[in-house]
Amino acid sequence: FRHAFIFDLDGVITDTAALHLAAWHELALALGLPFNNAMGERLKGVSRMESLELILGARAGQYSNEQKMRLADRKNAAYVRLLARITSADLLPGAVEALKAVRASGLGLALASASKNALAVLDRLQITGLFDHVVDANQVRHGKPDPEIFLRAAQALGVAPGRCVGVEDAVAGVQAIRSAGMFAVGVGSRSVLFEADRVIPDLTHFHPTDYLR
Ligand code: G16
Ligand code: MG
C-alpha cells in the first residue's frame, strides 16, 4: 500500500463508550465511589487498568494490585455481558461506508484499539473481514497516548507512518497518532480534539482522499 488508514474502534466505528461507562458505573456504585458521566471523556481510549485508577481516584492506594486485578475483571465481566447486545445495527453512521471507501481506493486499512475485546466487538458488528490488520491491547506494551499501537499497525501494513492517517475520538488517541508522526483525524468536537490535524463530527461523508498528503 502507498497509504493507509488506521481506525480506532470504540467511539469511531461503534459507541461502546456508553457500555464501558455503564460497566464502570456499576463497579463504582458497588464500591461506594463517586461517579459522574463527565468521567466518560477521560476514560475514552484509556486502558482497562488505567481506567480503574481513574475510577478509584484518591482511594487507589487502599487496594493491592491483586484486588485491583479482581476489580478490573469484575468490570470486564459486566462489559462483556453488555457486548452480547451489540449487532451491526450499532455501527455508527457512515462507519461501514468509510471503511469500504478506504478499501475501494486501494489503501491499507487497519484497526488500532486499546480494547482487549476488540476482536469480539468486530465480530459482533460483522466487519472483521474489512481490515487488512488488527492491533488490539493484547499486542502492545504501552497504551494510548503512546504511539506504539499505531506504529505497529503501520508496520504490519508496510506503510511509513508519514503516509498513514489515524482516525480517533479520544484525546489520548489523537496524541498517540500525532506522536507516531501520522496525520490525525479527530471524530467529535473541535474543542475536545483540538490537537488533531482535522476534526469531523462523524464519519458521514468521509472521503479518504481528503486526508492524504
Ligand atoms: C477502548 C475504550 C476505553 C477502554 C479500552 C479498554 O479503546 O475507548 O474506554 O477502557 O478500550 O477496553 P477493554 O477493557 O475492553 O480492554 P479504543 O481504543 O477502541 O477506543
Ligand atoms: Mg476510541
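In this text, all values refer to a predicted model and were calculated from it rather than measured experimentally. (Residues numbered from 1 in each chain as written. Chains lettered and ligands numbered in written order. Predicted model: local features only at pLDDT ≥ 70, side-chain atom pairs only at ≥ 80, totals over all residues.)

**A word on helix α1 (residues 17–31)**
Three or four residues apart is the spacing at which side chains of an α-helix point the same way, because the helix has 3.6 residues per turn. Which entries qualify depends on this criterion: Put simply, DSSP H or I for four residues or longer makes a helix, DSSP E for two residues or longer makes a strand, and each gets a number counted from the N terminus. Given a helix with a known number of residues, its expected span is that number minus one, times 1.5 Å. Counting other C-beta atoms within 10 Å of a residue's C-beta gives its exposure: the residue is buried at 20 or more, exposed at 12 or fewer, and partly exposed in between, where C-beta atoms are placed from the backbone. The arc in question is traced by the directions running from the helix axis to the C-beta atoms. Here the contact rule is simple: place C-beta atoms from the backbone, and any two residues whose C-beta atoms are within 7 Å are in contact.
The terminal C-alpha atoms of α1 lie 21 Å apart, and with 15 residues this matches the ideal 21 Å at 1.5 Å per residue to within 8%. Every buried residue of α1 is accounted for by Leu19, His20, Ala23, Trp24 and Leu27. Angularly, the buried residues of α1 cover 130 degrees about the axis, an arc narrow enough to put them on a single face. When the buried face of α1 is taken as reference, the exposed residues oriented beyond 90 degrees from it are Ala22 and Leu29. Each element contacted by the buried residues of α1 is listed here: α2 (39–43), α3 (48–56) and α4 (65–83).

**Some points on the packing of α1 against α4**
To keep it simple, the criterion reads: Only the contacting stretch of a helix is used when fitting its axis, a line to C-alpha atoms as for every element, and angles between N-to-C directions run 0 to 180 degrees. Note on angle classes: values under 35 degrees are labelled roughly parallel, values over 145 roughly antiparallel, values of 65 to 115 roughly perpendicular, and the remainder oblique. Crossing handedness: left-handed means the near helix sits turned counterclockwise from the far one by under a right angle, and right-handed means the same turn made clockwise. All amino acids are sorted into three groups, where Ala, Val, Leu, Ile, Met, Phe, Trp, Tyr, Cys and Pro are nonpolar, Asp, Glu, Lys and Arg are charged, and the leftover types, Gly among them, are polar.
Between α1 and α4, whose axes approach to 9 Å, the crossing angle comes to 135 degrees. Our classification of the angle between α1 and α4 gives oblique. Like other packed secondary-structure pairs, α1 and α4 cross with a definite hand, here right-handed. When α1 is examined against α4, the residues Leu19, His20, Ala22, Ala23, Trp24, Glu26 and Leu27 are found in contact with a partner set consisting of Leu71, Arg74, Lys75, Ala78, Tyr79, Leu82 and Leu83. Residue classes in the contact of α1 with α4 are distributed as 10 nonpolar, one polar and three charged.

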